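# Commentary on secondary and tertiary structure
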Amino acid sequence: MWWLNAGVAPVYRQYELALELRSAGASAVIKLPVDIRKWLPGDAVFDGTVYIPESLSPGSYRLRVALLDPRTGQPAIKLATEGLQPDGWYDFGGIAVQ
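Below is a short write-up of the structure. Predicted model only: the values in this text are computed from it and were never measured. (Residues numbered from 1 in each chain as written. Predicted model: local features only at pLDDT ≥ 70, side-chain atom pairs only at ≥ 80, totals over all residues. Heavy atoms only, no water.)

Moving on, we come to the pattern of salt bridges. Enumeration according to the criterion identifies eight salt bridges in this entry. In this structure, the salt-bridge partner of Asp69 is Arg13, at a minimum N-O distance of 3.8 Å. One end of the pair, Asp69, is in the loop between β5 (59–68) and β6 (90–97); the other, Arg13, is in the loop between β1 (2–5) and β2 (16–22), and 56 residues separate them in sequence. Each of Glu20, Arg22, Arg64 and Asp87 takes part in salt bridges that share partners, so that together they form one network. (Salt bridge = Lys/Arg side-chain N within 4 Å of Asp/Glu carboxyl O. Helix = DSSP H or I, 4+ residues; strand = E, 2+ residues; numbered from the N terminus.)

Pairing within the open sheet is antiparallel, and its four strands lie in the order β3-β2-β5-β6. What marks the edges here is a single partner per strand, and that holds for β3 (27–31) and β6. Within this sheet the neighbouring strands show an average axis-to-axis angle of 25 degrees, counted without direction. Summarising the sheet, β5 and β6 pair through six bridges and their orientation is antiparallel. Following the sheet pairing, Tyr61 is matched in β6 by Ile95. (Pairing = 2+ DSSP bridges. Axes fitted to C-alpha atoms, helices over the stretch in contact; angles between N-to-C directions.)

Pasting the structure below:
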C-alpha cells in the first residue's frame, strides 16, 4: 500500500491504519501493523501481508480504509482522497474474497 504525506510534518498521534471488508451480510475490520508516526512528508509504503479473518465467507466485499482513533476505534483523520463515506471510512471499491 503506497501512501503520500503531502503535508509538512508527520502525524504525531498513533492512529491505527485499518481496512474494512464489508458486504450486505458481513464485515470485518483488519488493523495493520504500521506506525504512521514514522511517515514523514513524502512517500510511505506498507508492504505486508493482510490476513482475511476466517469469519468472512467467500464473496464480494467493499474495501474501505480509515485511520482510527485507538481510544474510540472510530475514523479520526480526513484523507485527501475521494470516497469519504458518512461514517468516516473511505470506500476504495470492490474486492473478492475466495
